[in-house]
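Spelled out from the first residue to the last, the chains are:
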Amino acid sequence: MTPTLFVIPLWADLLAVGIGALQGALFAAQFRDRRLDLLGVAIIGIATGFGGGLLRDILLGELPAALQSNWYLPVATLAALLGMLLQRVLTRLSALITVLDALTIGLFGAIGTTKALAMGVPPVPAVFVGALSAVGGSILRDLLLTLPIAIMQVGSLYAIAALAGAGTLVGLAALGVNVLVAAVVCVVVTFGVRVLAVLFKWSLPEQRHIQRIPTLRRRAR
Amino acid sequence: MTPTLFVIPLWADLLAVGIGALQGALFAAQFRDRRLDLLGVAIIGIATGFGGGLLRDILLGELPAALQSNWYLPVATLAALLGMLLQRVLTRLSALITVLDALTIGLFGAIGTTKALAMGVPPVPAVFVGALSAVGGSILRDLLLTLPIAIMQVGSLYAIAALAGAGTLVGLAALGVNVLVAAVVCVVVTFGVRVLAVLFKWSLPEQRHIQRIPTLRRRAR
Amino acid sequence: MTPTLFVIPLWADLLAVGIGALQGALFAAQFRDRRLDLLGVAIIGIATGFGGGLLRDILLGELPAALQSNWYLPVATLAALLGMLLQRVLTRLSALITVLDALTIGLFGAIGTTKALAMGVPPVPAVFVGALSAVGGSILRDLLLTLPIAIMQVGSLYAIAALAGAGTLVGLAALGVNVLVAAVVCVVVTFGVRVLAVLFKWSLPEQRHIQRIPTLRRRAR
């Protein structure tokens, strides 16, 4: 059972990179104290847009996809500058952007997970690689802005959505389901978990510890 | 003289990863202002537990060991969550944890150094790769928590212990000593330097500069 | 048109690494609150001196050049410690260091760009790899010091100089110009843009956004 790769058309991949880059620039715009110049905005866009794919390919020992085509860098740069310029309008469309972004992490997760499986990575680390492909861009963005990494903090199940999607894909692939079908289910699951979490403000509990050992049931607030 | 790899049994490697992850979670628990959720704690655990091995394999161009088995990720995740829950008890056992951790960096250093030598890396960079394998987890941990990198600051010879161990291993290997013996000596040296440094509060001097050039002997406080 | 590699003699490469490491240590010396010890200074020097080459080779899937020779690590370490000790004198020579550094990023950019082209990377990502080779050391330095990444902020066209040089090289190579000639032009362009930017205080505009959409000509201050 070596699943074939789930490959999406270049335009769809570029669209996803563009959405990521645009969002990265919008995010960076909040931090005027960082005194980013135009190049700084472009770098944040590039890092957010294809950082996940970069980390995926570095872990898997492949030449990163974004370095194999002339399209990724200009698309990410233009999307980032557009995001910067149209910041006022776009913040009003934040619902639309959240929806598009949920689709984007679903796609990146599906691509990353199937790529890992196709290279013979076992199921559990394949889920890890898939989820990292999905959220790696936002990790790189936060590192470059020296901000606390958003996906590690209490929030709306961003990485959990990616993990759920990647886990579903790996499970279905293990059951022999066609990889294309499994990938589509992965996108749907990721998208669903993320959008529902935002709508209903679902989040994981904050880190806590057992207050007293004898009575294991009592916990710290 | 191409030394064979120093391979430790999977359970010992997983134990070392688990101790690293547990320690990472304990460390992160101090920073409640970061508002880490459960996933955040797991990520810190994973990064601390096998970050060193990850950096080692990325530098050497290998598929990371942690991605070749289903065991690493669950072990690191569970150890991190355990560390979080049992924080109260474990901080009382800090002496034990320091000792186990000194053993862990010794093991990671020995594995990393012999792996680099076996791949034909020359002696000096092999020491570098070995030491990075040992302390890379704590570097990643600090980067993800956006904290100053602990091993670069005045403290108890954490990285120096790893460098001493890796250097000894490379020296012995160059003298033709059996790699298994050299690796054991590496673990002993790393462990000894680290534990003695903690006991006797040894540390490297802080960065300083020559105050006046003519009298090279006078230094800044 | 597969251009041959632009290889510089080892001593020139080591000189460039040394200048980078020395500069990194001088930079780190400003942050006494970080309480760096001697090893911390060495790590900053190593990261600044060959961080760009490391990122380049990781992206291209090569064993990093700095791990293939015994020379890079001692040179970077010694240069960093020298930079730390002689800080007082060297800050008075800051004009000289800026000039040497401009030459260094030109060289690193030329090496990185031709290496990417020689490995079949298309023109646009080759420019990216080249520029990252040139400025990657300063990115790693800032990450390790948990400082805002300097090249993303308003300043004197450091990364832009590298991009201009790498872009020129790729353009000339596409026109069939001999790669050695193109590499020399790359160094000259990078050097020129950087030095002129420092002299005349050129910089990119800070990030901004369109204030009102109907009248596209009015912009935020």
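Up top is the structure these notes are about.
The rules behind the values
- Sequence order sets the numbering: in each chain, residues are counted from 1 along the sequence as written.
- For naming, the first written chain is A and the first written ligand is 1, with later ones following in the order written.
- With pLDDT at 70 or above as the cut-off, local features in this predicted model cover only qualifying residues; side-chain atom pairs require 80 or more to be listed or tallied, and sums for whole chains, interfaces and linings still use all residues.
- Water and hydrogen atoms were dropped before computing side-chain values, which therefore reflect all heavy atoms in the structure.
- Interaxial angle, 0 to 180 degrees, is taken between N-to-C directions of lines fitted to C-alpha atoms, where a helix line uses only the stretch in contact.
- Think of it this way: any DSSP run of H or I at least four residues long counts as a helix, any run of E at least two long counts as a strand, and we number them from the N terminus.
- By the definition adopted for this analysis, an angle is roughly parallel if under 35 degrees, roughly antiparallel if over 145, roughly perpendicular if from 65 to 115, and oblique otherwise.
- Two residues form a contact once any of their heavy atoms are found within 4.5 Å.
- All residues other than Ala, Val, Leu, Ile, Met, Phe, Trp, Tyr, Cys, Pro, Asp, Glu, Lys and Arg, Gly among them, are scored as polar; the first ten of these are nonpolar and the last four charged.
- Patches here are clusters of residues that have more than 30% relative accessible area and form no salt bridge, with a 9 Å joining cutoff for like charges and a 5 Å cutoff for nonpolar side chains (Val, Leu, Ile, Met, Phe, Trp, Tyr).
- The accessible surface values rely on the Shrake-Rupley method and a 1.4 Å probe; as for residues, cover is taken only from the protein chains in view.
- Should a side-chain nitrogen of Lys or Arg be within 4 Å of a carboxyl oxygen of Asp or Glu, the pair is scored as a salt bridge.
- Categorising residues by exposure relies on relative accessible area from a 1.4 Å probe, with only protein chains included: less than 20% of the type maximum marks a residue as buried, more than 50% marks it as exposed, and the intermediate range marks it as partly exposed.
- In superposing the copies, a least-squares fit is computed on C-alpha atoms, taking residues whose pLDDT is at least 70 in both.
- Note on definitions: buried area is the accessible-area loss of two parts on being combined, 1.4 Å probe, summed for both.
- Any N or O atom pair separated by 3.5 Å or less is treated as a polar contact, with the protein-specific requirement of one donor-capable and one acceptor-capable atom, and with residues adjacent in sequence counted only for side-chain atom pairs.

A word on the packing of helix α2 (residues 38-60) of chain B against helix α5 (residues 94-118) of chain B
Residues and elements named next belong to chain B. In contact at an axis separation of 11 Å, α2 and α5 are set at 10° when each is read in the N-to-C sense. It follows that α2 is roughly parallel to α5 by the angle criterion. Contacts between α2 and α5 involve Gly49, Arg56, Asp57 and Leu60 from the former and Phe108, Ile111, Gly112, Lys115 and Ala116 from the latter. Looking at the contact of α2 with α5, its residues break down into four nonpolar, two polar and three charged.

Here we look at a nonpolar patch on the surface
A surface patch of nonpolar side chains, about 310 Å² in accessible area, is lined by Leu93, Leu96, Leu100 and Leu103 of chain A. Inspection of the secondary structure assignment puts leucine 93 of chain A in the loop between α4 (87-92) and α5 (94-118).

Describing the pattern of salt bridges
Applying the stated criterion across every chain yields a total of twelve salt bridges over all chains. As a salt-bridge pair, aspartate 142 of chain B and arginine 141 of chain B come within 3.0 Å of each other at their nearest N and O atoms. Summarising the burial analysis for this pair, aspartate 142 of chain B and arginine 141 of chain B share the class buried. Residues joined in a network through salt bridges with shared partners are Arg56, Asp57 and Lys115 of chain A.

Section: the relation of the copies chain A and chain B
Each copy superposes on the other: chain A lies on chain B with an RMSD of 0.0 Å after a rotation of 120° and an axial shift of 0.0 Å. Both chain copies can therefore be described as sitting about a three-fold axis.

So, the interface of chain A and chain C
Each partner contributes residues to the interface: chain A has 36 residues there, and chain C has 34 residues. For the pairing of chain A and chain C, the buried interface totals around 3100 Å² over both sides, and the portion due to carbon and sulfur atoms is 66%. Counting across the interface, chain A meets chain C through one salt bridge. With its nearest N and O atoms 3.3 Å apart, the salt bridge here joins arginine 35 of chain A to glutamate 206 of chain C. Linking chain A to chain C there are seven residue pairs in polar contact (both at pLDDT 80 or more). Listing elements by their share of the side of chain A that touches chain C, those giving two or more residues are α2 (38-60), α3 (72-85), α4 and α6 (123-144) of chain A. With nine residues, α2 of chain A is the largest single contributor of residues to the side of chain A that touches chain C.

A word on the interface of chain A and chain B
Residue-level contacts link 34 residues of chain A with 36 residues of chain B. In total, about 3100 Å² of surface goes out of reach between chain A and chain B, with carbon and sulfur atoms giving 66% of it. Summed over the shared surface of chain A and chain B, the result is one salt bridge. Put simply, chain A and chain B have seven residue pairs in polar contact (both at pLDDT 80 or more) between them. For the side of chain A that touches chain B, the elements supplying multiple residues, two or more each, are α2, α6 and α7 (158-174) of chain A. Ranked by the residues each element gives to the side of chain A that touches chain B, the list is headed by α6 of chain A, at seven residues. In the side of chain A that touches chain B, the residues fall into 25 nonpolar, six polar and three charged.

That is the geometry; function is a separate question.
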